[in-house]
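Here are the chains, one letter per residue:
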Amino acid sequence: MTEVEIKINIFFEKIMYLVKNTSKTQEDSILLAGAMMSAARILYFDNLGSKEGQQIMDANTVDFIDLIKPTIH
């Protein structure tokens, strides 16, 4: 694995540890995922240009929106 792959794996494991220890319900997990996406958006736009940040967000949010649509009441 490359150094970047190792780093992303470590970050992913930390996030999943957070999920395991904080999410008590499916709703908690979905809300936590939304909060993570919000943080990702801030980081993308702060560290990339607005065009590049938006492209990444567009690519990554389609699946999330499809996931949460059935849960919106």
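Let me begin by describing the structure that accompanies this report.

Basis of the calculations
Residues numbered from 1 in each chain as written. Predicted model: local features only at pLDDT ≥ 70, side-chain atom pairs only at ≥ 80, totals over all residues. Heavy atoms only, no water. Helix = DSSP H or I, 4+ residues; strand = E, 2+ residues; numbered from the N terminus. Buried < 20%, exposed > 50% of the residue type's maximum accessible area, 1.4 Å probe, protein only. Areas by Shrake-Rupley, 256 points an atom, 1.4 Å probe, with all protein chains shown as cover. Polar contact = N/O pair within 3.5 Å; in protein donor to acceptor, adjacent residues only side chain to side chain. Contact = heavy atoms within 4.5 Å. Salt bridge = Lys/Arg side-chain N within 4 Å of Asp/Glu carboxyl O. 1 Å grid on protein atoms, 1.4 Å probe; cavity = no way out; pocket = protein on both sides within 12 Å on 5 of 7 lines; lining within 4 Å. Points joined across faces, edges and corners; volume = space filled by probe spheres on them. Nonpolar A, V, L, I, M, F, W, Y, C, P; charged D, E, K, R; others polar.

## Some thoughts on the overall build of the protein chain
- Per the secondary structure count, the protein chain includes three helices and zero strands.
- Out of the 73 residues belonging to the protein chain, those deemed buried represent 15%.
- Carbon and sulfur atoms make up 63% of the accessible area of the protein chain, which amounts to about 6,100 Å² in all.

## Let's talk about the side chain of S23
- By the secondary structure assignment, S23 is in the loop between α1 (3–22) and α2 (26–47).
- Here the side chain of S23 touches S29 through a polar contact of 3.4 Å, side chain to side chain.
- Here S23 is in contact with L18, D28, S29 and L32, once residues within four sequence places are set aside.

## Topic: the pattern of salt bridges
- In the structure shown here, the tally under the stated rule is one salt bridge.
- As a salt-bridge pair, K7 and E3 come within 3.7 Å of each other at their nearest N and O atoms. Of the two residues, K7 and E3 are both situated in helix α1; the distance of four residues between them amounts to about one turn of the helix.
- A relative accessible area of 44% means that K7 is categorised as partly exposed.

## What about the layout of surface pockets?
- Of the pockets and cavities examined, the second largest pocket occupies roughly 160 Å³.
- In terms of lining residues, the second largest pocket is bounded by V4, K7, I8, F11, F12 and I15.
- Among the residues making up the lining of the second largest pocket, the classes are represented as five nonpolar, no polar and one charged.

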